[in-house]
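Now for the letters of each chain:
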Amino acid sequence: MFNRLKILKQINELDAEKDAQKIVFLAGSYDFPQDVEISLAISFFRTFAIPSISKILNTTKRFESAGQKRYDDTALILAEFIENGLDSERGRGAMRRLNQIHKEYDIKNEDFLYTLTTFIFEPDRWNQKFGWRKSTEKERLANFYLWKRIGKMMNIKNIPETYEEMLEFNLKFEKEKFHRTKDSEQVALATMKIASSRIPKIPGLEYLVYHAVYSLMDKPLREAMGFPKANPIVAGLTYTVLKLRAFFLRYFWPPRKTPYYVTKRNNPTYPNGYLIEELGPH
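These remarks concern the structure in this document. (Residues numbered from 1 in each chain as written. Predicted model: local features only at pLDDT ≥ 70, side-chain atom pairs only at ≥ 80, totals over all residues. Heavy atoms only, no water.)

Structural notes on the overall build of the protein
Test applied: Comment: elements are numbered from the N terminus, with helices defined as DSSP H or I runs of at least four residues and strands as E runs of at least two. Atoms considered for the radius of gyration are the C-alpha atoms alone. The globule rule reads 2.2 Å times the number of residues to the power 0.38. Contacts: residue pairs with any heavy atoms within 4.5 Å of one another. Only the protein chains shown count as cover for residues, and the accessible areas themselves come from Shrake-Rupley with a 1.4 Å probe. For the purpose of charge, His is not counted, nor are the chain termini; Lys and Arg are scored as positive and Asp and Glu as negative. For the purpose of locating charges, the reference atoms are NZ of Lys, CZ of Arg, CG of Asp and CD of Glu.
On a plain count of helices and strands, the protein comes out with 13 helices and zero strands. Its helices and strands in sequence order give the protein the pattern α-α-α-α-α-α-α-α-α-α-α-α-α, from N to C terminus. Taken over C-alpha atoms, the radius of gyration comes to 19 Å for the protein, in line with the 19 Å a tight globule of 282 residues would show. Taking all contacts inside the protein whose residues are at least 6 apart in sequence as the whole, residues at least 24 apart take part in 76%. If you sum the accessible surface of the protein, you get close to 15100 Å²; carbon and sulfur atoms cover 57% of it. Between the centroid of the 45 positive side chains of the protein and the centroid of its 35 negative side chains there is a distance of 4 Å.

As for unusual backbone geometry
Positive phi is not limited to glycine here, since asparagine 155 has a value of about 65 degrees. Within the secondary structure, asparagine 155 is located in the loop between α8 (137–153) and α9 (163–177).

Describing the packing of aromatic side chains
Quick reminder of the rule: Side-chain rings of Phe, Tyr and Trp, where Trp is taken by its six-membered ring, are said to pair if the distance between their centres is within 6.5 Å; with planes under 30 degrees apart they count as stacked, over 60 as edge-to-face, and otherwise as tilted. Burial here depends on accessible area, computed with a 1.4 Å probe over protein chains only, as a share of the maximum for the residue type. Under 20% is buried, over 50% is exposed, and the range in between is partly exposed.
In total, this model carries 22 aromatic pairs according to the counting rule given. Taking the centre distance of 5.8 Å and the plane angle of 35 degrees together, the rings of phenylalanine 25 and tyrosine 261 count as tilted. Placement of phenylalanine 25 in helix α2 (residues 20–31) and of tyrosine 261 in the segment after α13 (232–251) is noted, with a sequence separation of 236 residues between them. Assessed through its relative accessible area of 12%, phenylalanine 25 is described here as buried. When the ring of phenylalanine 144 is compared with that of tyrosine 163, the centres are 6.1 Å apart and the planes differ by 75 degrees; the resulting orientation is edge-to-face. With a gap of 19 residues between them, phenylalanine 144 in helix α8 and tyrosine 163 in helix α9 connect regions that are remote in the sequence. Both residues of the pair, phenylalanine 144 and tyrosine 163, count as buried. Counting every residue linked through ring pairs, the aromatic cluster contains Phe45, Phe48, Tyr210, Tyr214 and Phe227.

Quick notes on a negative patch on the surface
The condition that has to hold: Patch membership needs two things, relative accessible area over 30% and no salt bridge, and members are linked within 9 Å if like-charged or within 5 Å if nonpolar (Val, Leu, Ile, Met, Phe, Trp, Tyr). Take a side-chain nitrogen of Lys or Arg and a carboxyl oxygen of Asp or Glu: if they are within 4 Å of each other, that pair is a salt bridge.
On the surface, a cluster of negative charge is contributed by Glu137, Glu164, Glu165 and Glu168. Looking at the negative patch, the element that brings in the most residues is α9, giving three residues.

Some words on the pattern of salt bridges
Within the structure shown, the criterion is met by 17 salt bridges. Across the pair arginine 133 and aspartate 31 runs a salt bridge whose closest N-O atoms are separated by 2.9 Å. One end of the pair, arginine 133, is in the loop between α7 (109–130) and α8; the other, aspartate 31, is in helix α2, with 102 residues separating them in the sequence. Owing to a relative accessible area of 5%, arginine 133 belongs among the buried residues under this scheme. Accessibility expressed as a relative area gives 5% for aspartate 31, which makes it buried. The salt bridge partner of arginine 245 is aspartate 35, with a shortest N-O separation of 3.0 Å. Taken as a pair, arginine 245 in helix α13 and aspartate 35 in helix α3 (residues 33–48) lie far apart in primary sequence, 210 residues in all. Of the residues examined, arginine 245 reaches a relative accessible area of 24% and is grouped as partly exposed.

Description of the nonpolar core
Rule in force here: Here the nonpolar core consists of buried residues drawn from Ala, Val, Leu, Ile, Met, Phe, Trp, Tyr and Cys, with membership extended through side-chain atoms lying within 4.5 Å.
Ranked by size, the top nonpolar core spans 69 residues in total, and within it Phe45, Phe81, Trp147, Ile150, Met225 and Phe227 carry the most contacts. When near neighbours in sequence (up to four residues on either side) are disregarded, methionine 225 contacts Phe45, Phe48, Ala49, Ser184, Glu185, Ala188 and Met217.

Details of the packing of helix α4 (residues 51–60) against helix α10 (residues 182–196)
Helix-helix packing is characterised by the crossing angle of the two axes and by the distance between the axes. Rules: In this analysis an axis means a line fitted to C-alpha atoms, helices contributing only their contacting stretch, and an angle means the value between N-to-C directions, from 0 to 180 degrees. When describing relative orientation, an angle under 35 degrees is termed roughly parallel and one over 145 degrees roughly antiparallel, while 65 to 115 degrees is termed roughly perpendicular and anything else oblique. Each crossing is labelled by how the near helix is turned from the far one, with a counterclockwise turn of less than a right angle marking it left-handed and a clockwise turn marking it right-handed. Residues are sorted three ways: Asp, Glu, Lys and Arg are charged, Ala, Val, Leu, Ile, Met, Phe, Trp, Tyr, Cys and Pro are nonpolar, and all the rest, Gly among them, are polar.
Between α4 and α10, whose axes approach to 8 Å, the crossing angle comes to 60 degrees. Here α4 is positioned oblique relative to α10, judged by the angle of their axes. The chirality of how α4 crosses α10 is left-handed. Contacts between α4 and α10 involve Ser54, Lys55, Leu57 and Asn58 from the first element and Asp183, Ser184, Gln186 and Val187 from the second. Here the residues of the contact of α4 with α10 are counted per class, giving two nonpolar, four polar and two charged.

So this is what it looks like as structure tokens:
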């Protein structure tokens, strides 16, 4: 029998606040690499539902002209924090680059804060539904402490002090701000086209993928994107496949022996590697 809980045992010996980055790295790079990436992709969609955010994103037209690069740049910057640590040379370089990028735009503090909360809560929401094991309270708190520190390094103001207060802000903000606009529709559609560009050109496959994605969105998010209700057959199939995946991973798939590094994998935008200062618009 595979020792599927080996990483969790390591995590249980660590402190949620002091060892936050290490805990997030262990969970994400060993136990849930694909799950984290999928959940963070959903996080991006949630920010599109905020009119003030989608307006800035749509005005730049970067999703239409360089959507894959924008996605890869964001994933790499976040991975630099998690994989190398905020106090490492690369972590500090990624933070400088992130702050340089954001200086170019007039972004509200509350929009920065909301975006931060999506990185805290979406991975756990995904995990509770489709993870091969449930995240522990220590893992949830570690993710909170890590992103709270990132927020402070980004000079975000009025960051809630506790996990519960942060969650309250997240839910209240979504309830008040989610709204369908022309900008949200266009940015969401451009993002879907990024995903569809990787799909083999098989008749009907794009439809299945699109409706699988729709089925993973809650109603307020889907409506803010202007997406239709998912085909119920595709939605049921998607749910079943993801649940079977979780069962298979838990009982039959051997655990990773080495960490999965987003920063070291083959990247379509940077086939020959990248420099941190290259990330983002120029």
